[in-house]
Amino acid sequence: MNEHPTESLSAYVDQELEAEERRRIEAHLLHCASCASLVDELIDMRSEIAGFYSQLTAPPDLEFKVLSALDGRLAKSAGTSTGLTAVSLVALAALIVLIVMYGATFFKLFSIALQFSLTAAYVLSNVASSIPAVWGAVLPLCAAIFVLSGLSLRRILRSTAP
Ligand SMILES: [Zn+2]
């Protein structure tokens, strides 16, 4: 065997190999010093990591601290905006799920809507250019819609801010 099975050595150390592959590695390790030392290093590293994690223990009051911090945050934000925030978060999550599940359909609907609004805009602009008075009504309406959506967006952002 000329090739060093370096990719399999980690799995060998973790004992994740099939019996046949395992025997192949063991046979290789018998006459390949570089792979054998690599296996030694891997074993050392594993035991170091294991030793490090076994030293880590959570402070006994961690759970209590986390829970009381959550309680405090919930109590602090228990105003009228909380319900609204929760509703909008749920709606957002539902929207994301819908997009993930029906992404292709959404895209189709979106492109149809886009085509429709482009056609509508085209027709409208043709009509509007022939009647200057229509522009006088449409432009302030557009401006009003723009300002209103900006305001409501700002309110939404403010109510969802922590
Ligand atoms: Zn080797």
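Residues numbered from 1 in each chain as written. Predicted model: local features only at pLDDT ≥ 70, side-chain atom pairs only at ≥ 80, totals over all residues.

## Some details on the overall build of the protein chain
(1) Moving on: Within the protein chain, the regular secondary structure consists of seven helices and zero strands.
(2) Moving on: A burial count over the protein chain gives 2% of its 162 residues as buried. (Helix = DSSP H or I, 4+ residues; strand = E, 2+ residues; numbered from the N terminus. Buried ≥ 20, exposed ≤ 12 C-beta atoms within 10 Å, placed from the backbone.)

## Thoughts on the UniProt feature "domain: Putative zinc-finger" (unreviewed entry) in the protein chain
(1) Moving on: The positions UniProt marks with the feature "domain: Putative zinc-finger" (unreviewed entry) are residues 7-36.
(2) Moving on: Helix makes up 80% of residues 7-36 and strand 0%, with an end-to-end C-alpha separation of 13 Å. (UniProt positions renumbered as here; feature names shortened; annotations may be inferred.)

## A closer look at the environment of Ser 159
(1) Moving on: Inspection of the secondary structure puts Ser 159 in helix α7 (residues 132-160).
(2) Moving on: Judged by the 14 C-beta atoms lying within 10 Å of it, Ser 159 is partly exposed.
(3) Moving on: Sequence separation between Ser 159 and Thr 85 is 74 residues, and the spatial gap between their C-alpha atoms is 6.6 Å.

## Concerning unusual backbone geometry
(1) Moving on: At Gln 15, a residue that is not glycine, the phi angle is positive and equals roughly 60°.
(2) Moving on: Within the element layout of this structure, Gln 15 appears in the loop between α1 (6-13) and α2 (19-31).

## Overview of the packing of α1 against helix α3 (residues 33-55)
(1) Moving on: In contact at an axis separation of 10 Å, α1 and α3 are set at 40° when each is read in the N-to-C sense. Overall, the two elements α1 and α3 adopt an arrangement that is oblique. Once α1 is placed against α3, the crossing between them reads as right-handed. From α1, Thr 6, Leu 9, Ser 10, Tyr 12 and Val 13 reach across to α3, where they touch Cys 35, Leu 38, Val 39, Leu 42, Ile 43 and Arg 46.
(2) Moving on: Class assignment for the residues of the contact of α1 with α3 results in eight nonpolar, two polar and one charged. (Axes fitted to C-alpha atoms, helices over the stretch in contact; angles between N-to-C directions. Parallel < 35°, antiparallel > 145°, perpendicular 65-115°, else oblique. Left-handed = near helix turned anticlockwise from the far one by under 90°. Contact = placed C-beta atoms within 7 Å. Nonpolar A, V, L, I, M, F, W, Y, C, P; charged D, E, K, R; others polar.)

## So, α2
(1) Moving on: Look at α2: 19 Å from first C-alpha to last across 13 residues, which is about the 18 Å you get at 1.5 Å a residue.
(2) Moving on: Burial analysis of α2 places just one of its 13 residues in the buried class, a small minority of the element. (Expected span 1.5 Å × (residues − 1).)

## Quick notes on the confidence of the model for the protein chain
Detail in the predicted coordinates should be disregarded across regions flagged by low pLDDT.
(1) Moving on: Put simply, the protein chain has an average pLDDT of 82, and 88% of its residues get 70 or more.
(2) Moving on: Averaged over each element, pLDDT in the protein chain is lowest for helix α5 (residues 80-101) (74) and highest for α2 (96). (pLDDT = per-residue confidence, 0-100.)

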